[in-house]
Amino acid sequence: MVRRMRVQVLILVGLTLFTVFSLTPIVWALLISIREPIDAFSIPPKILVEPTFRYHVDIWLGRGFLGFFLNSAIIAAGTVLVSVPVGTLAAYALSRIQTRASRSLLMSLLVVRMFPHVLLVIPFFVMARSLEMINTYPAMIAAMVALNQPFTVWLMRSFFLEIPRELDEAAYIDGCNAWQAFWNVILPLARPGMVVTSLFSLLLAYNEFLFALVLTGTDTKTLPVAIAEYGGEDLNYWSLSAAGAIGIMLPILTFMLFFQRHLVRGLTIGAVKG
Amino acid sequence: MAFLELRKVAKRFGSHEVIPPLDLAIEKGEFVVFVGPSGCGKSTLMRLIAGLEPSSDGEIWIDGRDVTDVLPKDRDIAMVFQNYALYPDKSVYDNMAFGLRMRKTPAREVDERVRAAARVLGLDALLERRPAQLSGGQRQRVAVGRAMVREPKIFLFDEPLSNLDAHLRVHMRTELVRLHRQLGATMIYVTHDQVEAMTMGDRIVVLDHGRIRQAGAPLELFRRPANAFVAGFIGSPAMNMLPCVVEQHGTELRSGPVTIPVPPPLRAALKPWSGKAVLFGLRPQFVGLAAAPGSGTLRLTLDAVEHLGTETILIGLHEGRPFQVVVPTMVGISAGSSIFATLDAGRGHVFDAATGDLIAHGSDVDASVPESIAGLGHVS
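**A look at the sheet that holds strand β15 (residues 287-290) of chain B**
Residues and elements named next belong to chain B.
Line of reasoning, step 1. Reading across the sheet, the five strands line up as β15-β19-β16-β17-β18 and stay open at both edges, with antiparallel pairing between neighbours. Each edge of the sheet is formed by a strand with only one pairing partner; in this case those strands are β15 and β18 (321-328). Averaged over all pairs of adjacent strands, the angle between strand axes in this sheet comes to 50 degrees, irrespective of strand direction.
Line of reasoning, step 2. Judged from the five bridges that link them, strand β16 (residues 298-307) and strand β17 (residues 311-318) form a sheet pairing that is antiparallel. Considered in β17, the bridge of L302 is made with G316.

**Some details on the interface of chain A and chain B**
Interface size is commonly expressed as the accessible area that is lost once the parts come together.
Line of reasoning, step 1. At the interface, 19 residues of chain A touch 23 residues of chain B.
Line of reasoning, step 2. Taking the shortest distance from any N to any O, the salt bridge between D174 of chain A and R150 of chain B comes out at 3.6 Å.
Line of reasoning, step 3. Our count for the chain A to chain B interface comes out at eight residue pairs in polar contact (both at pLDDT 80 or more).
Line of reasoning, step 4. It is helix α8 (residues 165-173) of chain A that provides the largest number of residues to the side of chain A that touches chain B, a total of seven residues.

**Details of empty space enclosed by the protein**
Line of reasoning, step 1. Tallied over the full model, the rule gives three cavities of 30 Å³ or more.
Line of reasoning, step 2. Here the second largest cavity is characterised by a volume of approximately 40 Å³.
Line of reasoning, step 3. In terms of lining residues, the second largest cavity is bounded by A170, I173 and D174 of chain A together with A78, M79, A143, R146, A147 and R150 of chain B.
Line of reasoning, step 4. When residues of the lining of the second largest cavity are assigned to their parent elements, the largest contribution, three residues, is made by helix α4 (residues 136-148) of chain B.
Line of reasoning, step 5. Considering only residue class, the lining of the second largest cavity consists of six nonpolar, no polar and three charged.

**Regarding the nonpolar core**
Line of reasoning, step 1. If you look at the biggest cluster of nonpolar residues, it comprises 60 residues, and the most contacted ones within it are F160 of chain A together with L4, L6, F34, L156 and I188 of chain B.
Line of reasoning, step 2. Residues within four places of L6 of chain B in sequence aside, it is in contact with L22, D23, L24, L45, I49, E59 and I60 of chain B.
Line of reasoning, step 3. With 48 residues, the next largest nonpolar core counts A78, L86, V177 and M187 of chain B among its residues.

**Points about the confidence of the model for chain B**
All names here are of chain B.
Line of reasoning, step 1. With 95% of its residues at a pLDDT of 70 or more, chain B shows a mean pLDDT of 89.
Line of reasoning, step 2. Taken as a whole, residues 371-380 scores under 50 in pLDDT and shows 20 contacts with residues more than four places along the chain or in a different chain.
Line of reasoning, step 3. Scoring the predicted complex yields pTM 0.82 and, for the interface, ipTM 0.84.

**Here we look at the packing of helix α6 (residues 117-130) of chain A against helix α7 (residues 137-162) of chain A**
All names here are of chain A.
Line of reasoning, step 1. Relative orientation of the contacting elements α6 and α7 amounts to 145 degrees, with a least axis distance of 11 Å. The handedness of the crossing between α6 and α7 comes out as right-handed. Each of H117, L120, F124 and A128 in α6 lies in contact with α7, whose residues at this interface are A139, A143, A146 and L147.
Line of reasoning, step 2. The residue inventory of the contact of α6 with α7, partitioned by class, reads seven nonpolar, one polar and no charged.

Conventions used here
- The numbers attached to residues start from 1 for each chain and follow its sequence in the written order.
- Naming scheme: in the order in which they are written, chains are lettered from A and ligands are numbered from 1.
- For this predicted model, a pLDDT threshold of at least 70 governs which residues receive local features, and a threshold of 80 or more governs which side-chain atom pairs are given and counted, while totals over whole chains, interfaces and linings are taken from all residues.
- To get the side-chain values, all heavy atoms of the structure are used, and hydrogens and water are removed first.
- A pair of strands is labelled paired if DSSP reports no fewer than 2 bridges between them.
- In this text, helices come from DSSP runs of H or I with a minimum length of four residues, and strands from runs of E with a minimum of two, each type numbered from the N-terminal end.
- Note on geometry: axes are lines fitted to C-alpha atoms, helical ones only across the stretch in contact, with angles between N-to-C directions running from 0 to 180 degrees.
- We call two residues in contact when some of their heavy atoms are within 4.5 Å.
- Whenever Lys or Arg places a side-chain nitrogen within 4 Å of a carboxyl oxygen from Asp or Glu, that contact is recorded as a salt bridge.
- In protein, a polar contact means a hydrogen-donor-capable atom and an acceptor-capable atom, both N or O and within 3.5 Å, with residues adjacent in sequence counting only if both atoms are side-chain atoms; elsewhere, any N or O pair within 3.5 Å suffices.
- Residues are said to line a cavity or pocket when one of their atoms sits within 4 Å of a point; the points come from a 1 Å grid over protein atoms alone, cavities being sets where a 1.4 Å probe fits but cannot get out and pockets being open sets with protein on both sides within 12 Å along at least five of seven lines.
- Grid points are joined across faces, edges and corners, and a volume is the space filled by probe spheres set on the points.
- Following the grouping adopted for this structure description, the nonpolar residues are Ala, Val, Leu, Ile, Met, Phe, Trp, Tyr, Cys and Pro, the charged ones are Asp, Glu, Lys and Arg, and the polar ones are all others, Gly among them.
- Only buried residues count toward a nonpolar core. Its members are Ala, Val, Leu, Ile, Met, Phe, Trp, Tyr and Cys residues joined through side-chain atoms within 4.5 Å.
- Exposure classes here rest on a 1.4 Å probe applied to the protein chains alone. A residue is buried below 20% of its type maximum, exposed above 50%, and partly exposed in between.
- Each residue carries a pLDDT score, the predictor's confidence in it, ranging from 0 to 100.
- When the near helix sits turned anticlockwise from the far one by under a right angle, the crossing is termed left-handed; a clockwise turn instead gives a right-handed crossing.

Printed below as a string of structure tokens:
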């Protein structure tokens, strides 16, 4: 009993340290974003300072971050809208047809994830330029879909594998063809999985920096690229950059909190077993 | 033409033949049980009938129509799965109505049929619940209800009672037999439990390695097994198999130190087997106890004694094989005791030791069935 408690205390201390470690940069960025640079970087550090939201207002209204956010949102939403349906269909087929060919296909999807992004970005740039699609949403969305697809397929497949095959078969017996069984019986059960996959897919596209730097331009610039432009030696830029970093997090944080219920359900999908 | 006909139906997975070409005919309204040990191909055979597995060879005919290449949805069959396979996100009502809706049945008719089936199965009060909110027995009834509302040509049951506790299993067994009588439908039932097979089926099909070892009425299989496999599989406790050599031109069977006199009617059949190895099968119910050794008695040291209340099963070893005796309740006997067992050879069966094929039945196998077995008689 005492031993068990001791283990629990140790786990608790470990988790607390990990949380503090993870949150420190965010809290630090928040503190920088609401202070004047002279206060933010003073030595010794000043604890009590009158907060200012000047940099937040400036970056969103004065420096076009609303437009960049819109670009990020369009690219992230476009990526989700293409990669999740395609990934879901592919994952269902790959979960139900388990042959050597399907396993090879599944493994080959991982190859895309094995290359460093910097290696992939060059051919994407060449392709986009030759198609005259640099600085367009479709080019960036296509690149994000290509990068995300292996992930969505693998994740959705794991959800489908949790759904007993007998449910497909019961649907066949009940009068469904393969599509109807998928649409009427399997897909509603995989919904929590789709929510989780969509959120991860959204995050990947929303936070992407390298591809956005290369494939977007003035009309389609995304938030991560825009923020990077404020990382100069001028201390005023640091406050702007911090305000941008906090701002970029807020929509995603709100989104995550809103879908938290689905997220938890999706991650414990074993519950669908009747 | 039979209602369901399998003509030379075979199933191979790659080079592995699960079901060699097999013929089977099932009449309309029959309750047929496929029984056999795990891996004998009984579930595969059912899946072939359902269309969930394509057959590698042969034809499947249902009600005069070749359905070999027809999709499951167009075969007009219903199936109850081992794990019930209820749709977890749908209510009991929607689970039962789903098949009818997929077939574009008018809403009013769907409602009538679902409520009628729910009444028969005692599910009226549960129609709005989700499967997760039901007990095992209730889920099982919903699965049956889902099949029932469809009014299919054939009902298929794939070990539907195996997930239930013993008490509920007995109850549902009776329920299903009653339902069969009530609907008069053609039903095929897969189980590995020979008691279920004996109590439920009009006809039992015993399968082993994908082959039909015998098909017939429960008591026919019990009394006249066609081979040692069926003899050993049907009946509880299992039939005793004594390895013997035929001696004296078929008048005696020697099993180790024991000589068993062969009753006159069996002698003619055993005469050509003189000097050869056979298996002498005798049900534990046809073994008696003697106070002292005599001609043809077996001396057994008991390994275990199972008191079942109404009867006692004595378990010992003879020639390296288990030998069981069923006697009325006995007290004061325990493992380690020695007994003398007398054999009612007229009720025995003789099989070829090499192939397991039947050589002859004893002359008295149909004479009477002991009380403990009579209770297993099938209901029709």
